[in-house]
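# Secondary and tertiary structure notes
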Amino acid sequence: MDRRTFLGAALLASAGCATGVRPDPAAFRIVRRATASDGVRIAWRDSSPSGGPAILFCNGGGQAMSVWDAVVAPLTATHRVLLHDRRGTGASETGAPETHTFETFRDDAFAVMDAAGVRTAVVCGLAFGSRVAVRMALDEPQRLEGLVLFDATGAPPAPEAERIAGAEEAERLRTAADIPTPARDPAWTAMTYPEARGLNARALQGHPDWIAGLPSIRMPTLVAVGEQDPNIGGGRRMAQEIPGAHFVAMPMTGHGSNAQRPDLLTELLREFLSGSLR
């Protein structure tokens, strides 16, 4: 099956199943626990335990899964939304420091899918989480129906000062355009195990100059990076290397786009899931 046929089949399958989705707001508030291979308990939430085409989200660095709530709320009518906290973040247990690798984060994300009884899903990752999503796509592509990468680059992370400056400039532009910026919720970065702060960064030690293997990814892919995000050049290169990937430069958006522009991310996800962005 060539890529165009696969893309159409995957997205039509999602559209065809969407009518069977029954969102359960009460169930979505329940924090569940999946057990990783080393016994670490990973916190996750499920918008539709009764089933439906699934989309799994991988959080940015230091984020808890609640940061996605405004983005995904409109999606729950058509898709089963799975959120989770990476080990050492949010409500997930920490695990041994040496387990904080992208391979372990990949396996933890698949453990969440397994706990939900989900064999395949569209996987969406943001910033640090996009690196987890790429690892999933490279290592077990048969489990992904599609790939969405926000705030992504294949290079090492940009300096924090550059990310902050870009986010501040984006907010000034939004203010001038009368586009509101959501108030920051402390829950977006809350941690049950604060002693784990910074452990995820161990995964970046020895990070190569560029992620290898991107041309081998063969699935519907969207890469979207803010115009004020220092990752924009790297994101554009990723889209060029992944065959058939679609790239979007998000206006008036810095690093951490799910906290700044949830409405824009929702719109892009809807277009991707419907097949409009190819």
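Look up: the structure comes first, before these words.
Residues numbered from 1 in each chain as written. Predicted model: local features only at pLDDT ≥ 70, side-chain atom pairs only at ≥ 80, totals over all residues. Heavy atoms only, no water.

## Describing the sheet that holds strand 2 (residues 41-46)
This is how the line gets drawn: By this definition, two strands are paired if DSSP reports at least two bridges between them. Secondary structure counts use DSSP, requiring at least four H or I residues in a row for a helix and at least two E residues in a row for a strand, with both numbered from the N terminus. Every axis corresponds to a line fitted to the C-alpha atoms, with the helix fit spanning only the stretch in contact, and the corresponding angles, defined between N-to-C directions, vary from 0 to 180 degrees.
One open sheet accounts for eight strands, arranged 1-2-4-3-5-6-7-8; its pairing is mixed. Two strands lie at the open edges of the sheet, namely strand 1 (32-35) and strand 8 (246-250), each paired on one side alone. Strand-to-strand twist in this sheet, taken as the mean axis angle between neighbours without regard to direction, amounts to 25 degrees. Relative to strand 4 (residues 80-84), strand 2 runs antiparallel, the two being bridged by three bridges. Directly across from arginine 45, in strand 4, lies its bridge partner leucine 83.

## Some details on the environment of leucine 56
For clarity, the threshold we go by: Burial classes follow relative accessibility: with a 1.4 Å probe on protein chains only, a residue under 20% of its type's maximum area counts as buried, one over 50% as exposed, and anything between as partly exposed. Residue contacts are defined here by distance: any two heavy atoms, one from each residue, within 4.5 Å place the two residues in contact.
Tracing the backbone through its elements, the reader meets leucine 56 in strand 3 (residues 54-58). Classification of leucine 56 as buried rests on a relative accessible area of 0%. Among residues more than four places away in sequence, those in contact with leucine 56 are Leu82, His84, Ala109, Val112, Met113, Ala121, Val122, Val123, Cys124 and Met136.

## As for the side chain of histidine 79
The condition is simple: Any N or O atom pair separated by 3.5 Å or less is treated as a polar contact, with the protein-specific requirement of one donor-capable and one acceptor-capable atom, and with residues adjacent in sequence counted only for side-chain atom pairs.
Mapped onto the fold, histidine 79 is located in the loop between helix 3 (69-72) and strand 4. The buried category is assigned to histidine 79, whose relative accessible area is 6%. Of the polar contacts made by the side chain of histidine 79, one reaches the side chain of threonine 78; its length is 2.9 Å.

## Re the pattern of salt bridges
Selection rule: For this document, the term salt bridge refers to a Lys or Arg side-chain nitrogen within 4 Å of an Asp or Glu carboxyl oxygen.
As enumerated under the stated definition, the model contains eleven salt bridges in all. The partner of aspartate 69 in a salt bridge is arginine 45, and the shortest N-O contact between them spans 3.1 Å. Here aspartate 69 is found in helix 3, whereas its partner arginine 45 is found in strand 2, with 24 residues between them in sequence. By relative accessible area, which is 9% here, arginine 45 ends up buried. In this structure, the salt-bridge partner of aspartate 139 is arginine 135, at a minimum N-O distance of 2.8 Å. Pair noted here: aspartate 139 and arginine 135 are both in helix 5 (residues 128-139), with a separation of four residues, about one helical turn. For aspartate 139, a relative accessible area of 33% corresponds to the partly exposed category. In this structure arginine 135 comes out as partly exposed when scored by relative accessible area, which is 23%. Salt bridges sharing common partners tie together Arg106, Asp107, Arg135 and Asp139.

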